Amino acid sequence: MSFVHLHVHTQYSLLQGAIHVESLFERVTELGMSSVAITDTHNLFGAIDFYLSAKKAGIKPIIGCEILYAPQGRNRMQSSGNAPRFHHLVLLCKNLEGYQNLCKMVTRSYAEPVQGQPAGPRGLVDRELLDKYGDHLVVLSGCLRGELPYLALTGEESAGVESLLWFKKRFGEDFYLELQDSPLPEQEHVNEVLGRWGERHGIQCVASTDCHYLHPCDAEAHEVTLSIWRNIESLNNF
């Protein structure tokens with residue numbers, strides 16, 4: 001059975017991804033894969049480099065982005081209760097129109113300042129932007145930091161189903177529940193809940209791996225850069 005990586009962070013995910021684009025296609029070719037995606041954290045800076053390298057290697061490129069999704073609105077300074085202010089959500093372009101829409105969405109998220117926030121814009125996307133620029137995009141529910149996995153972990157089924165049905169209504173068959181096989185103890189529970197929700201509401205699941213580096217020997221160096229990123233993130237009050 002063939003497998004395509006749909007959730008990949010390259011060096012353009014600053015302090016999060018350790019995959020150099022050129023090395024990515026060497027590895028993809030070595031593994032005999034015919035296609036691969038790029039889903040850097042809330043940016044498309046690597047899209048052209050990725051696309052040209054893919055064509056050179058004879059690999060089908062899937063351009064995408066892991067956006068920072070704010071379900072309660074991108075202009076809210078705080079989320080209600082103890083919920084995170086934003087979650088991760090993966091968007092993949094189906095065609096040129098999808099790429100153009102994703103560019104518009106991410107650009108607007110950065111260009112419009114958050115009300116009352118002295119540090120400037122944070123680059124969040126909400127349902128308004130997803131609804132306006134969501135045509136020709138495929139949506140994956142994301143990793144454990146996604147909204148639906150978070151609600152599955154906290155047992156908030158009614159809120160989870162409400163969100164799931166909104167995405168199903170807006171994106172139809174282009175919305176998928178993302179299941180991952182990771183050693184994290186929470187992942188098995190999330191997979192079970194999302195699988196049950198998907199079966200109940202007629203939404204298909206897709207298997208992915210949240211790729212941040214290419215080889216097991218890269219893990220230690222990647223953990224060092226993540227530690228730097230986590231410190232920065234805590235200082236920004238995310």
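Scroll up to find the structure.
Calculation criteria
- Residues numbered from 1 in each chain as written.
- Predicted model: local features only at pLDDT ≥ 70, side-chain atom pairs only at ≥ 80, totals over all residues.
- Heavy atoms only, no water.
- Helix = DSSP H or I, 4+ residues; strand = E, 2+ residues; numbered from the N terminus.
- Buried < 20%, exposed > 50% of the residue type's maximum accessible area, 1.4 Å probe, protein only.
- Contact = heavy atoms within 4.5 Å.
- Areas by Shrake-Rupley, 256 points an atom, 1.4 Å probe, with all protein chains shown as cover.
- Arc of directions from axis to C-beta.
- Core = buried A, V, L, I, M, F, W, Y, C linked by side-chain atoms within 4.5 Å.

Colleague: Lay out the overall build of the protein with the relevant residues and their values.
Modeller: Across its full length, the protein carries eight helices and six strands. Ordered by position from the N terminus, the helices and strands of the protein form the series α-β-α-β-β-α-α-β-α-α-β-α-β-α. Going through the 238 residues of the protein one by one, you find that 49% of them count as buried. Partitioning the contacts of the protein with sequence separation of at least 6, the portion at a separation of at least 24 is 75%. Of the accessible surface of the protein, which amounts to about 12200 Å², a share of 54% is contributed by carbon and sulfur atoms.

Colleague: A description of helix 1 (residues 21-30) should follow, citing residues and the corresponding values.
Modeller: Every buried residue of helix 1 is accounted for by Val21, Leu24, Phe25 and Val28. In a view along the axis of helix 1, the buried residues occupy a sector of 90°, so they form one face of it. Of the exposed residues in helix 1, those oriented more than 90 degrees away from the buried face are Glu22, Glu26 and Glu30. Of the residues trailing helix 1, Gly32 is marked for its positive phi of about 75°.

Colleague: Explain the nonpolar core to me, and be specific about the residues and the numbers.
Modeller: In this structure, Leu24, Ile67, Leu91, Leu130, Phe167 and Phe175 are the most contacted members of the largest nonpolar core, which totals 47 residues. Of all the elements, helix 6 (residues 157-171) adds the most residues to this core, at five residues. Dropping the residues within four chain positions of it, Phe167 is found in contact with Tyr69, Leu89, Leu130, Val139, Glu147, Gly172 and Phe175. Core analysis: the second largest hydrophobic core is formed by eight residues, Ile62, Val138, Leu140 and Val206 among them.

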